[in-house]
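# Observations on the three-dimensional arrangement
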Amino acid sequence: MALHFRSLATLSTVLGLATLHLITAAEAGGSDPQIVLDEIYGQVAEMCSADGGPPYDFTAIAKTYFTPELAKKVVKASNDNKLDFDVLIDGNDCKVTELDLRVVEEKAGTAIGRAEFKNFDEERTVDLLMSKAGNEWQVTDIVYRHRPFSLKAAF
């Protein structure tokens, strides 16, 4: 399933749905790779829209959706001021357009969720590698397709 945000009306509708997902995160969060992707990038879309929304807390995202090992690395890097850019958008500032979210691969307890978008008109492709632990899907790494980068390897 792919989501495309090409107009403000569509974005507003999706943001409303993303908010609903966040309200029921205890019930739904992590239950499906697409939900993980939608919930994470729903926050990105809200903050990085043309009007700009409230900032999201990347550390909270890591603690909620990442494997405990990766979340620990991210929190430590953030606390040590070694995480000096937003890894979800590959930048410090954002104006995200043409956001396309889809699961491009799912098999035997692993999945790849892909976010393709433009940030200030520069194309970005970010893959969230995921694995299933029990009934929950967790992000195991964030890898860029537009340039070499792995969050797991960086820290």
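In what follows, the accompanying structure is described. No experiment lies behind these values; they were computed from the predicted model shown. (Residues numbered from 1 in each chain as written. Predicted model: local features only at pLDDT ≥ 70, side-chain atom pairs only at ≥ 80, totals over all residues. Heavy atoms only, no water.)

## Looking at the overall build of the protein chain
Scanning the protein chain from N- to C-terminus turns up 6 helices and 5 strands. Sequence-ordered secondary structure for the protein chain, helices as α and strands as β, is β-α-α-α-α-α-β-β-β-β-α. Counting across all 155 residues of the protein chain, residues that qualify as buried make up 46%. For the protein chain, restricting intrachain contacts to residue pairs at least 6 apart in sequence, the fraction spanning at least 24 positions comes to 51%. (Helix = DSSP H or I, 4+ residues; strand = E, 2+ residues; numbered from the N terminus. Buried < 20%, exposed > 50% of the residue type's maximum accessible area, 1.4 Å probe, protein only. Contact = heavy atoms within 4.5 Å.)

## Some words on the pattern of salt bridges
Considering all chains together, one arrives at 10 salt bridges under this definition. A salt bridge links E122 to R124; its shortest N-O distance comes to 3.3 Å. Owing to a relative accessible area of 12%, R124 belongs among the buried residues under this scheme. A salt bridge links R145 to D127; its shortest N-O distance comes to 3.8 Å. Placement of R145 in the loop between β5 (136–144) and α6 (151–154) and of D127 in strand β4 (residues 122–133) is noted, with a sequence separation of 18 residues between them. Put simply, D90, E122, R124 and R147 are held in one network by salt bridges that share partners. (Salt bridge = Lys/Arg side-chain N within 4 Å of Asp/Glu carboxyl O.)

## Considering the side chain of D90
Within the secondary structure layout, D90 lies in the loop between α5 (68–79) and β2 (96–107). Its relative accessible area of 11% is what places D90 among the buried residues. Setting aside its immediate chain neighbours within four residues, D90 contacts F85, R124, Y144, H146 and R147.

## What about the environment of T97?
When you line up the elements, T97 lands in strand β2. Residues T97 and K118, spaced 21 residues apart in sequence, show a C-alpha to C-alpha distance of 5.2 Å. For T97, the contacting residues outside a window of four places in its chain are F117 and K118.

## Thoughts on the environment of P68
Of note, P68 is situated in helix α5. Residue classification places P68 among the exposed positions, given a relative accessible area of 61%.

## Some remarks on the nonpolar core
The biggest cluster of nonpolar side chains holds 38 residues, and the ones touching the most others in it are I40, Y41, F66 and I142. Contributing elements (two or more residues each) for this core: α3 (33–47), α4 (58–65), α5, β2, β3 (110–119), β4 and β5. The greatest single-element share of this core, amounting to 7 residues, is contributed by α3. For F66, the residues in contact, after removing those within four places along its chain, are I40, F58, I61, A71, V74, Q138, V139, I142 and L151. (Core = buried A, V, L, I, M, F, W, Y, C linked by side-chain atoms within 4.5 Å.)

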